[in-house]
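Spelled out, the chains give:
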Amino acid sequence: MLSLGSGGGKSTKPSFVSYVTPEDMKIKEKEEGLRSKHPYLLPGEVVFCSANHVLKYTQEDASQRGVYGTLLCTNFKIAFISGESASQETAPPFRNKLLSENDIPLTCVDHIYGVSDEKKKLIIGGQVKSKYPSKLIIQCKDLRVFHFSLTYAKEEEAKKIFQGIVHHSLEPKSLKCVFAFSYCETASTSQASRKSSLTLMFETKEDWSMELGRTKGNCKVSSANEDYAISEKLPQFFVVPFAVSDDDILRFLGKGIPFWCWSHHSGCALFKMACLPTIQEDGISQKYMHRMLDAVTQDQLCPVKIEDLSSCLPALQDLQLSYNKFKQLFLIDSTTEFWVSDMKWFSSLENSGWLEIIRQCLMKAVEIVDYLESAHTSVLIVEEHCSDLCCVLSSLVQIMLDPYYRTRSGFQSLIQKEWVAGGHSFLDRCNHLYQKEKEAPAPVFLLFLECVWQLLQQHAPAFQFSETYLTVLSDSINIPLFSTFLFNSQHHRDTAMKSGHPEAQRSPLNFPSVWDWSLQFDCKAQSLFTNPLYVEKPIQDKALRKTSHQKHQRQLSLPNTLSKPSPRKGFFKEETDNLKKIFLGKRISKWLNPTESSKELYESWQRKPLDYQGLLLPYLDGPAVQVWMQRYLRWVPEAQIFGGGSITTVNRVLELASEIQDLQKEVERRSCRMNSSIAWKQVYSGPPLSARLSSFPFTATHAWSFKPAIPSSIRQGLGSVSSLADKEDDDSQGSGVL
Amino acid sequence: MEEAPRFPGESIKAIAKDVMYICPFTGAVSGTLTVTDYKLYFKSLEREPPFILDVNLGVISRLETIGVQSHGENSCGMEIVCKDMRNPRFAYKQEEQSKLEIFENLTKHAFPVSNDLPLFAFLYKEKFPVDGWKVYDPVAEYKRQGLPNESWTISKVNSNYELCDSYPALLVIPTSIKDEDLRRVVAFRAKHRIPVLSWIHPESQATITRCSQPLVGPSDKRCKEDEKYLQTIMDANAQSHKLTIFDARQNSVADTNKAKEGGYESESFYTNAELTFLEIPNIHVMRESLRKLKEITYPVIDEAKWLSNVDSTHWLEYIRLLLMGAVRIADKLESGKTSVVVHCSDGWDRTAQLTSLAMLMLDSYYRTIKGFEVLIEKEWISFGHRFAVRVGHGDVNHTNSERSPLFVQFIDCVWQMMRQFPAAFEFNELFLITILDHLYSCLFGTFLYNSEQERVKAELHTKTLSLWSYINSQPEEFTNPFYVNYENHVLYPVASLRHLELWVDYYVRWNPRMRPQMPVHQNLKELLVIRSELQKKVDELHREASTRSLSSSSDRGSSPSHSATPVHTTV
C-alpha cells in the first residue's frame, strides 16, 4: 500500500513547530504503549483502524503545543486517546457516558479539511485517496473543531486512518451500517426502562386518547392506518375530526386530511394537513377540501383559518444555506481568525439570515396563537408533507399556549407527538447516511430548538428544562444510537428494526430513545437539565406577579413615589392613522406592519402581569432575538468568560435553593431534638464560581492557561469616521459644529 | 384635576390644558401639561389608567417648534429633544395665551444656566437619612489601598488648586520628588495634569498612574524632570523593570497633537518605558456614534436591518475598544506586575474611562455599591472629568462640540461587565440607570461642575444633596440578589463583539415593547427572603439549644457561628 505521495507530508518541512523534542517522543511512546491500546468501546463497537503518534493540537496559542496519542476510527466514532487526556478525566464535571471528550461520532462529522504544504483543502468522500495530508482538521456538527497532525505517525498507519475516517464519515452508507444496529444486537437490550418515563411516545391509541382527554379535544382517534395499511408516512394512530371517515383517509392516502394537534380551552383547535396531490380535475379536490374543512368546523363549532406555510416561510434549501453561513461564524481555526471575524460580527450575523428565519418562525407562530387565543378560530397549517416547518410551528404554538409543554416530560411528549409520530424525516434532514442524491438536508429540528431557546432565554421561569438540556438535545441528534432521530417515519423505524435483526423470528431490535437520558448522563449531570428558575407553583407565581408589577413601574428611577405607569394601554387606530400622515410619515407604519395582526394580542398580553403558567409570547424586535451562545460559543476558547457567564446566576439560584433546603432540614431537626451538633452538608456547586468558564458545563477539549482575551490585531481602520477622528482633540474650543 | 406631584422645593411655573402628546407608540392623547422648575409633567385622563409623561428638565437638550399641518385646531407643535434617547412631541393651539406662557416657561427653566437661574439641585429640599457627601473621603480611600507607603505620599501640594486647577486638593505622588522638580513636570504636562497615583496593587505594588499628554511639541522637547518622575514611578515597584505607558488615543491623532504643543513620550528618552496606543477615537466621534444610535432606536426599530444598523453606529465597537484597553491595563498590572501610566490628551476623558474600568476589574471593592460610588467620586468627579461641559447642564447651547457622552459610555462598559459577570457586582442595573438619569437631571449636586475647585467655590456640599444620599437610603433597591463576592478575583471581560450587546433596558427603554426582563431577579429576591427567615429561625433554635445545653452542662459548648452563605467572605 505504499505510495508515492504518502511520504510527502512527512518529508517536507512540517508546517508548524513542535516543542516536543525527539527524546520526549520516545518517553511518550512508552507511556502510550501502556495506555493507548485500550480505547473505551461500547457494546458492538469495533475498531476499524488506528494510528499511533498522532499529534492533537490547538491553534489557541502561538506555540501550537499538542498532545501525542492514538487516533482511532470505529464503527461508531473517531476517537483520540492519549495518556494526558486520561489523567484529565479524573473529575469531568459533565461527562457523556457514551463519548469521551475527544470522541467524534461518525455522524457528527461535518467537514474534514486536509492541510498539505500549508494549504487547506476540503476533503470530499468517494475519491481514491492515494495521498494523505499532514494535518487533518475535523469540524463537527456540534461545532467542535479538532486538529490532528499525522506528520509523526507511521506512514502506513497514517494513510489507513485517513482513508478510514474519510470512508466512514464522508461517504454514503446504508442504514444498516449505522451504529445503533450493531449496538442493539450486542447490548443485551434491557430497555424496559424506556416506558417508565412520563414521556408519551404516541405509538399507541391510549397515548392519543390521553392527550385528547387532557386538552378536552373534540375529535376521535383513528386506527385506519393500523399496521400501516394506508400510508407508510403516517403513524399507526392519529386523531382526526369525527366527520372524517376511514374512506376519506384512504382516498388520497392520508393527504388532505386535517390531523388534530392540540385543542384550546375555548374549543378551537390546531390542525395540520399535507397538500393534496395535484389532480387534473380541480372540482374533486375542491369538494373534498370543503368537506374536510366542514369536518373541522363542525366538531369545533368555530371558524377555521388556513395557514399555508409554503407562501410565508423560507424554503428548506434556504434554511440549509442560511445555517451553513451562520455556523461558519463559530467554526474558528485560530485566535487571529477569531478577532478578525469579530470586527465583522454584526454584519456577518445579519448576512447569514439565520436569526431572521428564527424571527419569522416565531412571528408566524404568534399569528397562529393569535387566531386560537383571541379569535377562538381553529387553525389548519398546510405544508407539502406536513412534516417540516409544519412541525416547527405546531410545536411552537403549543409551547406558547400550554404550560405542560414547558415541562421536561411535556416537551419530550410534544416532540414525540409532532416530530416522531408526525413523520419528520430525521434521517434525510440530518443526512446521517451521507446520501447526496436524497432530498436536501436541512436543520429543521435545530431551528425548532433555536426558537424554543429564544423563548427560554426571554422567559426563563416558564420552563422546567434548562438551556443545557436544549444544547444536549441538539447534540444528541448527531449520536447514531437513538431511534428518535434515525428514521424518516414510524413505519421506517419499525421495518428497519424488524429486518435489522439477522434472525427474523426473534423479537425486533429495540433502539433506545433519546429520552432515556441515563444512557448518556448520570444523575448528577442530569440535574443540570433542570432550570432552577422555573416557577411552578401558582402560589409563588402570585407573589411574583405583585412584585414584578411594582418593579416595572420604577423605570424612571426617580426618588420618592413618582412612578410612571408605562403608556401601554389602548391603541387608537384612527388617531394613529392621522398621526402617521402628520408627523412620522412612513416610519411608524413600518413599525406597525410586521405584527399588525398580533399587535392587539401583544398589547392585551403585556397589560396583564406576566403569568408563567399562562400564555407566553416571544419578543421579536431587533434586539430580542439573540444568538444561542452556549451552543455556539462553548468550544471557542477566545470567547470564554473566566468566572462569568449566565451560568453564574443559575448557579447562585441553585446554591440558594439548597441552602434553603438545608436550613429547613436544620429547623426540623432542631425542633425535633434540641441537640446542638451541627453538621453542615456541603452544597454541591461544582468548582468555585470564580474559577469557572462561561461554557460550563461544557468544558472545552483542553485546559488552557487563562489569559485575558486580547486580540493580536487591534489596529483597525476607522475610516468611516476619520473626519471626526482627525479633528482636534478634547481641548478644542466650543465652536458650534454639528 | 389634581396638581402634579412635586418634590420639596419644587414649584409650578405654568399649567396648560388641552395639550396633545403625540406618543410614537400608542398614539396621540390630550391632557394637561404642567411645567415646574424641575420637570415637565403631562397627564391625560383619556386612558385607563391615566397616561402620565414625566420628563425632568435637565434631560432636555433642545426645544424645537415643529409645524403641524391639518391637525384640527392644534396647529403648533413642539419637539423636546432629550439627552436620554427620546424626543417627546406635543401639539397645541397657537393663539392661546396659556400655551405661549407654558412654552416660554419651559424654555426658561430647561436652561437655567443660560437664563441666570439656579440649577434645581440648589432648590431641592429633600431630607435623606444618610449623607452621601460623606461617601468619598480621599484619605480613607488611599488608606484602604495601603497608602501612604515608603514610595508614595499623600501630598497637599495642590490644596489651593494652584498646581493644577482641575485636580483634587489631595494627590498621591512619589515621596522622593522634590518641589522644584515637580514644578517642571507640571509645566511639561498639558493642563498641568501631572502623573498621580490612582490605584496600587496590594501585592506587587504595581500602580496605575494617570496624567495628561506631555508637551513635547514639534521640536521634540524633553523634560529631564518628567523623565525622572516616570523613572521614580517605575522604581516604586520592585517587581518590574519596565513601565508601560498607555496612550488612549489613536497613534495618528497623537502625532497630530505633537505638531501643536502636545505629543507623547518618546521611548528613547524615557528609558525602560514602553508606549502603547489604545487607538480609541475622541469625544466627537463618540458623540456622533450615540447620535446615530438614537436614530436607529427611537422611535422605531427596523427589525430586518437591526444588526447592521447597530454595526453602523460603531457604538459597541467603541465599547469593545474601551473594555479591551482596560483589560490590557489590568493584565499588565496583574500578570505583568508592571506599573502603568495612562493618558490621553488632557487626561480627563478616555483616561478616566480606562483607569476606572481597570480598577473595577482589579479591585472587587469597587464592585460594591459603596465602592462604585467611591470610584466615580474619585476617578471621575475629583479628577476633573468636565461633567458640566460634557453634559451641558442647564445650558441652551446644544451644538456645543464639547458635549460628549463619555460617562454614559463608561457606565455602558460597566453594564457589559455586569452581563458577563452577573454575580460579581453588588449593584444591579437599576443602580446604573439611576446614576445615568441623575447625570442629567440636576436634582443632585453630584455631577454638577467641572472640577473640585469649582465645587468648593459653589459650596456644593452644603447647598445641594448628593445622589448617594438617595441611593444609600434604600440600598436594597439597588442590590443585585445574585451577588457573590469574588474575593480577589480579577475580572477579565471578553472584549469581543460576540459578547457585547446593546443595552436595551437603557437605550430603548421608552419603547413599551422592550419590557425589561426583571422577574428572574424577583424570584431570587424571594428566595433570599425565605432564606433569611429560615436563618433567623435556626439561630433562634440554636440560642434555645445552647441555653438549654448550658443548664444541662452538655459537652458541646461552642458551635461555630456558621454562616449560611459559605461563599460570602468579605475581604
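Residues numbered from 1 in each chain as written. Chains lettered and ligands numbered in written order. Predicted model: local features only at pLDDT ≥ 70, side-chain atom pairs only at ≥ 80, totals over all residues. Heavy atoms only, no water.

*Asks:* Sorry, what's going on with the UniProt feature "active site" (unreviewed entry) in chain A here?
*Replies:* The residues that UniProt annotates with the feature "active site" (unreviewed entry) are Cys386(A). Overall, Cys386(A) belongs to the buried group, its relative accessible area being 7%. (UniProt positions renumbered as here; feature names shortened; annotations may be inferred. Buried < 20%, exposed > 50% of the residue type's maximum accessible area, 1.4 Å probe, protein only.)

*Asks:* Could you clarify how one ought to interpret the side chain of Thr368(B) in this entry?
*Replies:* Residue and element names in this part refer to chain B. Looking at where Thr368 falls in the secondary structure, it is placed in the loop between helix 9 (350-362) and helix 10 (369-382). The class of Thr368 is buried, set by a relative accessible area of 17%. A polar contact is formed between the side chain of Thr368 and the backbone nitrogen of Gly371, at a distance of 2.9 Å. Leaving out residues up to four positions away in the same chain, Thr368 has contacts with Glu426, Phe427 and Tyr483. (Helix = DSSP H or I, 4+ residues; strand = E, 2+ residues; numbered from the N terminus. Polar contact = N/O pair within 3.5 Å; in protein donor to acceptor, adjacent residues only side chain to side chain. Contact = heavy atoms within 4.5 Å.)

*Asks:* Even after reading the chapter, I still don't get the sheet that holds strand 14 (residues 378-383) of chain A, so can you show me in this structure?
*Replies:* As a general point, the strands of a sheet are linked pairwise by backbone hydrogen bonds and lie either parallel or antiparallel. Residue and element names in this part refer to chain A. Spatial ordering of the open sheet is given by 11-12-14-13, a layout of four strands whose pairing is mixed. Two strands bound the open sheet, and with one partner strand each, they are strand 11 (259-263) and strand 13 (304-308). Neighbouring strand axes in the sheet, compared pairwise and without regard to direction, differ in orientation by 20° on average. (Pairing = 2+ DSSP bridges. Axes fitted to C-alpha atoms, helices over the stretch in contact; angles between N-to-C directions.)

*Asks:* Help me understand the packing of aromatic side chains, please; the structure alone is not making it clear to me.
*Replies:* Two descriptors summarise a pair of aromatic rings, namely the distance from one centre to the other and the angle between the planes of the rings. All names here are of chain A. Taken as a whole, this structure holds 78 aromatic pairs over all chains when the rule is applied. Here the aromatic rings of Phe521 and Phe529 are separated by 5.6 Å at their centres, their planes lie at 80°, and the arrangement is edge-to-face. This pair shows no difference in class: Phe521 is buried, exactly as Phe529 is. The positively charged end of Lys120 is found above the aromatic ring belonging to Tyr113, 4.6 Å away from the centroid. Here the basic side chain of Arg214 rests over the ring of Tyr405, its NZ or CZ set 5.2 Å away from the ring centre. (Phe/Tyr/Trp six-rings, centres within 6.5 Å; stacked < 30°, edge-to-face > 60°. Lys NZ or Arg CZ within 6 Å of the ring centre and 35° of its normal.)

*Asks:* Help me understand the sheet that holds strand 5 (residues 109-116) of chain A, please; the structure alone is not making it clear to me.
*Replies:* Residue and element names in this part refer to chain A. The sheet built from eight strands is open, its strands ordered 4-3-2-1-8-7-5-6 with antiparallel pairing. Edge positions in the sheet fall to strand 4 (103-105) and strand 6 (119-122), since each has one partner strand and no second. Between one strand axis and the next, the sheet turns through 30° on average, direction left out of account. Across six bridges, strand 5 lies against strand 7 (residues 135-140) in antiparallel orientation. What sits directly across from His111, in strand 7, is Gln139.

*Asks:* Is there a simple way to explain the UniProt feature "domain: Tyrosine specific protein phosphatases" (unreviewed entry) in chain B in this structure?
*Replies:* As recorded in UniProt, the sites labelled "domain: Tyrosine specific protein phosphatases" (unreviewed entry) are residues 313-375 of chain B. Secondary structure across residues 313-375 of chain B comprises 65% helix and 8% strand; the distance between its end C-alpha atoms is 29 Å.

*Asks:* Whenever I open this one, the environment of Ser252(B) confuses me. Can you help?
*Replies:* Residue and element names in this part refer to chain B. Relative to the helices and strands, Ser252 is located in helix 5 (residues 251-258). Judged by its relative accessible area of 44%, Ser252 falls in the partly exposed class. The spacing of Ser252 and Ser176 is 76 residues in sequence and 35 Å in space, taken between C-alpha atoms.

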